[in-house]
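Fold and geometry: a report
Here are the chains, one letter per residue:
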Amino acid sequence: MSAIKSHSNEAAKEAELTKKQYHDLLYYMWVVRKAEDRLLVLHRQGKLIGTLFRCLGQEATAVGSAYALEPQDVVCPMIRDLGSIIVKGHTIKEMFCQYFGRETAPTKGRDGNHHIGDIKKGTISCISMMGATIPVVAGAAFAKQHQGIKAVGLAFVGDGGTSTGDFHEALNLASVLKAPLILITENNNWAYSTPTSSQMNIKDIAIRAQGYGIPGYILDGNDVLEVYHAVKKVRKYAVEGNGPVIIEVKTMRMRGHAEHDDFKYVPKELLEEWKKKDPIDRYIKYLKNNKLITDSELTNLEKKIDKEVEEAEKFAVNSPLPRPELALEDVYQDQIKPDPQRWWEI
Amino acid sequence: MSAIKSHSNEAAKEAELTKKQYHDLLYYMWVVRKAEDRLLVLHRQGKLIGTLFRCLGQEATAVGSAYALEPQDVVCPMIRDLGSIIVKGHTIKEMFCQYFGRETAPTKGRDGNHHIGDIKKGTISCISMMGATIPVVAGAAFAKQHQGIKAVGLAFVGDGGTSTGDFHEALNLASVLKAPLILITENNNWAYSTPTSSQMNIKDIAIRAQGYGIPGYILDGNDVLEVYHAVKKVRKYAVEGNGPVIIEVKTMRMRGHAEHDDFKYVPKELLEEWKKKDPIDRYIKYLKNNKLITDSELTNLEKKIDKEVEEAEKFAVNSPLPRPELALEDVYQDQIKPDPQRWWEI
Amino acid sequence: MRSLTYLEAIREGLLQEIKRDKKVFMLGEDIGHFGGPFKVTQGFLEEFGQKRIIDTPICESGFIGFAVGAALFGLRPVVEIQFFDFVACGFNQIVNYAAKCKYRWGANVPLVIRGPMGAGNRAGPFHSQSEEIWFGHTPGLKVVMPATPYDAKGLIKAAIRDNDPVIYFEHKNLYRRIRGEVPEEDYIVPIGKAKVVQEGKDITIVTYGAMLHKVLEVIKEKELADISCEVVDLRTIYPLDTETIINSVKKTSRLLTVHEDSKTFGPAGEITQRVCEYAFDYLSAPPVRATSIDTPIPQSPTLEDRYLPSNTDIKKAIRKILDY
Amino acid sequence: MRSLTYLEAIREGLLQEIKRDKKVFMLGEDIGHFGGPFKVTQGFLEEFGQKRIIDTPICESGFIGFAVGAALFGLRPVVEIQFFDFVACGFNQIVNYAAKCKYRWGANVPLVIRGPMGAGNRAGPFHSQSEEIWFGHTPGLKVVMPATPYDAKGLIKAAIRDNDPVIYFEHKNLYRRIRGEVPEEDYIVPIGKAKVVQEGKDITIVTYGAMLHKVLEVIKEKELADISCEVVDLRTIYPLDTETIINSVKKTSRLLTVHEDSKTFGPAGEITQRVCEYAFDYLSAPPVRATSIDTPIPQSPTLEDRYLPSNTDIKKAIRKILDY
Ligand SMILES: Cc1ncc(C[n+]2csc(CCOP(=O)(O)OP(=O)(O)O)c2C)c(N)n1
Ligand SMILES: Cc1ncc(C[n+]2csc(CCOP(=O)(O)OP(=O)(O)O)c2C)c(N)n1
Ligand SMILES: [Mg+2]
Ligand SMILES: [Mg+2]
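Residues numbered from 1 in each chain as written. Chains lettered and ligands numbered in written order. Predicted model: local features only at pLDDT ≥ 70, side-chain atom pairs only at ≥ 80, totals over all residues. Heavy atoms only, no water.

Turning our eyes to something else, we now look at the coordination of the magnesium ion (ligand 3). Residues and elements named next belong to chain A. Around the magnesium ion (ligand 3), the protein contributes the donor atoms D159 (OD), N188 (OD1) and W190 (O), at 2.0 to 2.1 Å from the metal centre. Counting the intervening residues between successive donors of the magnesium ion (ligand 3) yields the motif D-x28-N-x1-W. For N188, a relative accessible area of 4% corresponds to the buried category. (Donors = N, O, S within 2.8 Å, 3.2 Å for Na, K, Ca; no water. Buried < 20%, exposed > 50% of the residue type's maximum accessible area, 1.4 Å probe, protein only.)

Here it is, written out as structure tokens:
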């Protein structure tokens, strides 16, 4: 199983989903899209703290993969994978609170954007350093197995992040220790302003799987069902003690690195070409064509999402900024006698 | 050229060497062997500073590869590659001074063993951290080319060292920037006490070349001519702007990691098997069989080497230990006003 | 004279050095067409070409090591760390390779590692850190941090011409906020020289980086009108200019160190230690400090403001020292 | 009571904790059959099996990150760094991942990173370093360094039971050189508590690690017979036990800090700073330091001896403070 395999659309037909499942996938992609659309407006109005990172055009990968997991599995998103933790139980409300820097946010305003996690939900917060979370997720999945829980860890990394030492060290280590890691490498053509061709001298990242003696797959990252079924399948492989797997998804970052970046360096035609492959448009069309959703179900879903986004914003706006003294708390789990911080207060 | 190629013995016949060249190769391997044999005795007598690292059984790789280079090329040895810098003009005398920690040593007693280098000779000092020198050598070779000098950089890494992030980052970077790096990965079955099977989940390290879009070769690391000819060939490739190359040599570490390590964990049979492939014995046999050396030439060469080793030891023993004040000098190139180090001397 | 922003001053220094010496080249992530997230190198690629302005993959250890190698063999690399926080990923190459070459084997490493650091921009724990201690405490490195446009230009030029590895910290919060007079001509600000930015006789305030501006603001406040403050801008963290500090404290007999870095084992301890060693008998009050707190750097405004030493903090410290 | 070497005490602490709590596991290079270069973990693999004692490839960043992940999800990893110098290769995982989890997202990381550090063994620049400042200055980490077998056992046990990331430094020069009484029973030495190792009234000497033994040796010398020294062993670098230090200085009115780490921006500054902040009026001489010099660590005996603070250095410092 160690050659690179191009996972074809056939997979999508492997197993039928329930209607609820089909709708769930749409819901998750859409709620991320719509939340971010709204955040974009708020960002332009100068109301957010920090810059805004979007998943635009890449929602299928994060949602499809996380949706294929079991509750005991562990997930750590990278920049474009908000959908994955929403699937795992985080909420849009939390995200608005993060972007508004409120005390009600999961990090209490201490960190921003999608830098959140919750051990109980099985989510791990990423940090800004590319690649760093890959060994962490491998270790988390290992810990579950060590305790007799049949679980996998799902990590993401961008094409840019694959150049880091941590990518290599984590995959080699996970392979040797047979840690059940599923690593999705998101080849979205850009790492900030750097095209993939300046990031690496290969076309398919998945080829690197051979260097670790593990399976590598290439998928259409904009096809939520293809991603879902592939992850479902490799999960079985990984959970049974066979070690890690690389999945490369081909996709496209449809905006700048973050919202301060005007992405002038991205050729217009490339954006237009990929616009046609928008994962949400495509999936809605698929659902309709296959009579898996009715027009009114669609309208209701959209309404539900709009309402959720509206309420999330309202909640965040009405939440207080963190009390300053929170800056000083929670540095340690086992409280240590805190130093008086200011000499003049001694 | 990016598939893994097993370089066969045919290569050895590609181009004839002059008699002097044949003899040089033997000289370099042998002088390293004999110097280390003597250092081993001195180490056991407790006369050396620090532990002793041996190349035993691996002399062919370092010597064959470095001998294939041009004077403008750059080399950085790892633990088993003393031969490579002896070829580049460092001396056994310097090594004895290093191991005796003398002021006359290239590092003036500040560092030990083979941690030496000399910009003028085109040698770079390694540091203890595995993998760290690979990007450094790539950058050095790049700098030469940048200044219009047709040169390559030769770096070494052990099977253990291939697990480091620097291995990956350096190869990917060198590939993207087309830096003329030749990386020899020395697969000698062990990394300290760790067998290669616990270090990686692949049989051939060279397969990783595919992950960087560069050529990878596998060689018999105990055949000095095979290594020589292969490096000669890839040097041409690299120097012409095609980027880096990986060469994996199959070899065997014939003693412990260093001399404090009794290598009980190494199966006796493995050692016996590889003893038969000793690079020096084999090469002498080859030279004799092909009438490339006479018995008296051999005796003379051995005498010359013995004398050199003897003189190196004498020189080192008679050299002074470093003057203590040398501890305080040469931290910076551009002298900065040194702090008075001791308050009680102010 | 012309007035430039802090960022423009760095740009000009870089530009002049790249033009002056063809051994100088730059490498880092997104420094080419994109010009870096803060646009420090905008237009450089177009002007100097791909051989001199090199975009790299994301591999701090790899490209720092690469730059060390290039520095060993005749070039003068200037490495950009996109945010200085990421330097932790290339730490070994700096502290174990670059810093120790000269001492170990006599090879000098004319390398500059530069990039944005510092808090105040609501950028959170990974885009705000102060890392001068990690490097200031590693023998073999020089560490500078300009606070003004004039020094920013003079120090980047000095750093590039220096034959040792220099860590050059740019405070991102000053990039566009601070303007000042900057001569167009070539000049350098020597590494290792602090500057008395304002003379005074009652108290010495030692600071650097963004905190210089906070201190200068605070001491102008009415409440402190009766106090004559002498302000020393370190400019260089290592080697520390003991002489300038000591001379000032001998005059004022009081010391306050203000820094943005967190408190414990932060820079203030060294200043205080040296003042004790060289000028203990001149002290009429304890040498103290106003610093950030011992936590990661929080993002939200109320928290980040609590993290950093505030104007009130500095005022209270000055007052308490004077009232001692 | 039984006497154990420093190394045996660490072993026993580790063994007892691995037995006590099945969440504890170890990972690192060559810790299995080989037992590590100093044989600290010899026999562990045979006793606890491959699930608890894990040999890793050479990837400090990878296996530290891996341990952080395992710590987040219910295990208590103890990572061995073969020589602490190599931790620079996994630096980012410690200072940016492990240290900041609790503060950022409330997840605690019960992780111990341990291994041999320190000079004196003629092991050169890459097998001798002191790195307590890098970590002691990173909020979110706890940093300990035992000097005696008793503390070595008590602190490793405390570190493993602690719910935060703890850097546990073992001084390799003490491994077999230092013996002391160690109870077989379970006990811990609390993190964050310094110890007055010897009471005295003329001067407080604050130290830790291998230097404790040097200080205890020096103060017994005849030339100092007239001086009554109080010796404080920090044991924990962060959080620093200000109270114990201050109480001692209030009694003796004099402070000398002795450390093996290099001088500038080294640990002494923080001790001095705190003493100035809390006990300035008690000081009858400048608080000073005897430390290693600001260079990489040279290998050859004459050089390494010059690098480290010598007995004479310490004596001169004590004498000069007393004569002040
Ligand atoms: C170690 C490190 N170096 C540099 C950066 C700065 N940086 C942030 S995102 C980014 C590009 C990431 O590209 P990629 O991994 O392809 O992810 P994408 O944004 O395309 O999803 C860079 C260089 C970083 N975050 N971490
Ligand atoms: C980054 C790093 N981690 C750990 C070590 C400790 N160490 C020294 S040599 C060695 C094994 C090296 O094995 P390999 O790379 O195969 O080289 P070989 O000794 O077989 O030539 C280890 C683990 C090190 N030097 N550097
Ligand atoms: Mg990308
Ligand atoms: Mg090996």
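On we go.
Here we come to the interface of chain C and chain D. Contact with chain C, which involves 50 residues of that partner, is made by 50 residues of chain D. Each partner contributes to the roughly 4,800 Å² buried at the junction of chain C and chain D, and carbon and sulfur atoms together form 64% of this total. In terms of surface lost to chain D, no three residues of chain C exceed Y103, H137 and F265 of chain C, which account for 17% of the buried area on that side. At the boundary of chain C with chain D, the tally comes to four salt bridges. The salt bridge involving R289 of chain D is made with E270 of chain C; its shortest N-O contact spans 2.8 Å. At the junction of chain C and chain D, the tally comes to 27 residue pairs in polar contact (both at pLDDT 80 or more). The set of elements that each furnish at least two residues to the side of chain C that touches chain D consists of α4 (91–97), α5 (101–105), α6 (132–136), β12 (236–238), β13 (255–262), α10 (268–279) and β14 (288–292) of chain C. (Contact = heavy atoms within 4.5 Å. Buried area = accessible area lost by both parts, 1.4 Å probe. Salt bridge = Lys/Arg side-chain N within 4 Å of Asp/Glu carboxyl O. Polar contact = N/O pair within 3.5 Å; in protein donor to acceptor, adjacent residues only side chain to side chain. Helix = DSSP H or I, 4+ residues; strand = E, 2+ residues; numbered from the N terminus.)

Moving on, we come to the coordination of the magnesium ion (ligand 4). Residue and element names in this part refer to chain B. At 2.0 to 2.1 Å from the magnesium ion (ligand 4) lie its protein donor atoms, namely D159 (OD), N188 (OD1) and W190 (O). Read in sequence order, the donor residues coordinating the magnesium ion (ligand 4) give the pattern D-x28-N-x1-W. With D159 in the loop between β3 (153–158) and α6 (165–177) and N188 in the loop between β4 (181–187) and β5 (190–191), this pair connects stretches of sequence that are 29 residues apart. What makes D159 buried here is its relative accessible area of 1%.

Time to look at the domain arrangement of chain C. Residue and element names in this part refer to chain C. Along its sequence, chain C is carved into domain 1 (2–182) and domain 2 (195–322). Each of domain 1 and domain 2 has a C-alpha centre, and the two are 26 Å apart. On the domain 2 side, the residues contacting the 27 residues of domain 1 number 23 residues. Applying the counting criterion to the domain 1 and domain 2 interface returns three salt bridges. Ionic pairing is found between R122 and E304, a salt bridge with its closest N-O pair at 2.8 Å. (Domains from an automatic or database assignment.)

All names here are of chain A. For helix α5 (residues 92–100), a buried count of eight out of nine residues is recorded, marking the element as mostly surrounded by other parts of the structure. By the burial criterion, the buried members of α5 are I92, E94, M95, F96, C97, Q98, Y99 and F100. Considering only its buried residues, α5 is in contact with α2 (19–44), α4 (82–87) and α12 (295–318).

With respect to spatial proximity, 21 residues lie near ligand 2, and among them R80, S128, N188 and W190 of chain B together with E60 of chain D are the closest. Residues near ligand 2 are shared among chains B and D, making this a multi-chain site. Note that an oxygen atom of ligand 2 is positioned 2.8 Å from one of the backbone N or O atoms of G160 of chain B. Contacts to ligand 2 include N188 of chain B, whose side-chain N or O atom sits 2.8 Å from an oxygen atom. (Near = heavy atom within 4 Å.)

Counting residues at the interface gives 47 residues for chain D, matched by 49 residues for chain A. Buried area between chain D and chain A, summed over both chains or domains, comes out near 4,000 Å², and the portion from carbon and sulfur atoms is 63%. On inspection of chain D and its partner chain A, the count reaches one salt bridge. Connecting chain D to chain A are 21 residue pairs in polar contact (both at pLDDT 80 or more). Elements that contribute at least two residues to the side of chain D that touches chain A include exactly β3 (53–55), α3 (60–72), α4 (91–97), α5 (101–105), α9 (242–252) and α10 (267–279) of chain D. The dominant element in the side of chain D that touches chain A, judged by the number of residues it contributes, is α3 of chain D, at nine residues. Taken together, the residues that form the side of chain D that touches chain A break down as 19 nonpolar, 13 polar and 15 charged. (Nonpolar A, V, L, I, M, F, W, Y, C, P; charged D, E, K, R; others polar.)

What follows is about the relation of the copies chain C and chain D. One copy of the chain maps onto the other through a rotation about an axis followed by a shift along the same axis. When chain C is brought onto chain D, the operation consists of a screw motion whose angular component is 180° and whose axial shift is 0.0 Å, with 0.0 Å RMSD remaining. Here the two chains are linked by the operation of a two-fold rotation axis. Among all residues of chain C, the one whose C-alpha sits closest to the rotation axis is G269 of chain C, at a distance of 2.0 Å. A share of 100% of the interface residues of chain C reappears at the interface of chain D, consistent with the copies meeting face to face through the same patch. (Least-squares fit on C-alpha atoms with pLDDT ≥ 70 in both.)

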